[in-house]
Amino acid sequence: MHVPDGFINAPTSAVAGVVAAGAIAVSLRGARRELDERTAPLAGLVAAFIFAVQMLNFPVAAGTSGHLLGGALAAILVGPCTGALCLSVVLLMQGILFADGGLTALGVNITDMSVVGVGVAYLVFRGLVKLLPRTRRSITTASFVAALVSVPAAALAFTAFYAIGGTTDVPIGKVATAMVGVHVLIGVGEAVITALTVGAVVAVRPDLVHGARDLRRPLKLRVGGEFVDVPAAEAPAPAPRTSHRTLLLGGLATSLVLAGVVSFYASASPDGLEKVAEDKGFAESAEEHHNADSPLADYGVKDVDNARISGGLAGVIGVGVTVVAGSAVFWAVRRRRTDATDGVSPTSTSV
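Residues numbered from 1 in each chain as written. Predicted model: local features only at pLDDT ≥ 70, side-chain atom pairs only at ≥ 80, totals over all residues. Heavy atoms only, no water.

**Q** So what exactly am I meant to see when it comes to helix 7 (residues 172-204) here?
**A** In an α-helix, one turn spans 3.6 residues; hence positions three or four apart end up facing the same way. The end-to-end C-alpha distance of helix 7, which contains 33 residues, comes to 46 Å, matching closely the 48 Å that a straight helix rising 1.5 Å per residue would cover. Of all the bends in helix 7, the greatest measures close to 30° and is centred on Val184. (Helix = DSSP H or I, 4+ residues; strand = E, 2+ residues; numbered from the N terminus. Expected span 1.5 Å × (residues − 1). Bend = angle between axes of the 7 residues up to and from the residue.)

Below, the structure written as structure tokens:
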């Protein structure tokens, strides 16, 4: 789904860049409400985990592969605004360091995956959570469906971009049919990964999962023959099964293993967008990446001949850079919220 330079013309890419910049600005403001001292480091880890899992292309059908987009996963774990920032950080790192996704197409990619992917996923998730019983199984089920729907939605968003500013004259109806068809299959893989990850975190630390914040039921006491809610401040919180630090370290270790070791076994087949571009005749419009000579281009370390070591080192570096960059962004957002709160003083009146 990473759109290269050359697929979309300059005016459309520029407009998408403005839309993406506006979405990031809105997300920065919204993330202040979603983040606290516990979830800010979790958001940095979510960005790094998505980077790692995106290296794991899995086969889907007919010589085509897919990988996690991560919109649903990020939105459910840390909130839609913070999730959009997570995806934006990942896309920025991939475009600058690894020559994955065009630089002039960065606005298209952010709008497609960070705005449409995250937005659709979270809307579907919240709608299902309101309908389903308030249980952990419902959170996992809603995560599965939200992820499944978000991938073809992002595919349709790309098709819309191509209909407006595609640089090759191809039948848009055929492009839309092919994009949705293959990305429904990719969406199944996305749904499985998202549901398993969200389910694992909810099982050990539901208090840290943004999408599970409604799970906790108010404590009831019988007063005068009637049941009343205990105030939230007095209701005992369930003891977490895993410490915050253990969760973060375990998640970071998992990300490093996935990017540094498991990624070597990822499918080498073209992903959904590449396959559709080849089949429909617009693959040749892709331009060489501006950072094609980057030391980490194509997820390998330059001058390291061993493919396993080269790819593993690139993956580890990518996870490290992403978690540092993401954590810096989210701590800065959290600090601004704290500073704004500290600057508010109660209004006093005198007679």
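**Q** How do you make sense of the pairing of strand 1 (residues 58-61) when you look at a structure like this?
**A** One face of the sheet, then the other: side chains in a regular strand alternate in exactly this way. In this sheet, strand 2 (residues 64-66) lies alongside strand 1 in antiparallel orientation, the contact comprising three bridges. For Pro59, the partnering residue across the bridge sits in strand 2 and is Ser65. Linking strand 1 to strand 2, which pair antiparallel, is a turn of two residues; within it Ala62 sits at a positive phi near 50°. (Pairing = 2+ DSSP bridges.)

**Q** Would you mind showing me how to read the pattern of salt bridges here?
**A** Should their charged atoms come close, side chains of opposite charge can pair. What the rule picks out here adds up to four salt bridges. With its nearest N and O atoms 3.9 Å apart, the salt bridge here joins Lys275 to Asp279. Taken together, the residues span about one helical turn, with Lys275 and Asp279 both in helix 9 (residues 272-280) at a distance of four residues. Sharing partners across several salt bridges, the network here consists of Arg38, Arg205 and Asp207. (Salt bridge = Lys/Arg side-chain N within 4 Å of Asp/Glu carboxyl O.)

**Q** What am I meant to see in the packing of aromatic side chains here?
**A** To describe a pair of aromatic rings, one takes the distance between the centres and the angle between the planes. Per the counting criterion, the structure on display carries eight aromatic pairs. Arranged with centres 5.3 Å apart and planes meeting at 90°, the rings of Phe264 and Tyr265 form a pair that is edge-to-face. On the accessibility criterion, Phe264 (38% relative accessible area) is partly exposed. Within the aromatic cluster, the residues linked to one another by ring pairs are Phe7, Phe158, Tyr162 and Phe282. Of note, Arg308 hangs over the ring of Phe264, and the distance from its end group to the ring centre comes to 4.1 Å. (Phe/Tyr/Trp six-rings, centres within 6.5 Å; stacked < 30°, edge-to-face > 60°. Buried < 20%, exposed > 50% of the residue type's maximum accessible area, 1.4 Å probe, protein only. Lys NZ or Arg CZ within 6 Å of the ring centre and 35° of its normal.)

**Q** What is the right way to look at a nonpolar patch on the surface in this model?
**A** On the surface, Val257, Val261, Val262, Phe264 and Tyr265 cluster together into a nonpolar patch covering about 460 Å² of accessible area. Judged by its relative accessible area of 44%, Val257 is partly exposed. (Patch = residues over 30% accessible without salt bridge, like charges linked within 9 Å, V, L, I, M, F, W, Y side chains within 5 Å. Areas by Shrake-Rupley, 256 points an atom, 1.4 Å probe, with all protein chains shown as cover.)

**Q** Sorry, what's going on with the confidence of the model for the protein here?
**A** Low pLDDT marks regions whose predicted coordinates should not be analysed in detail. Mean pLDDT over the protein works out to 91, with 89% of the residues at or above the 70 mark. Per-element confidence in the protein is highest for helix 3 (residues 71-78), whose mean pLDDT is 98, and lowest for strand 4 (residues 226-229), whose mean pLDDT is 55. Across residues 345-351 the pLDDT falls below 50, and counting only partners more than four positions away or on other chains, this stretch makes zero contacts in the model. (pLDDT = per-residue confidence, 0-100. Contact = heavy atoms within 4.5 Å.)

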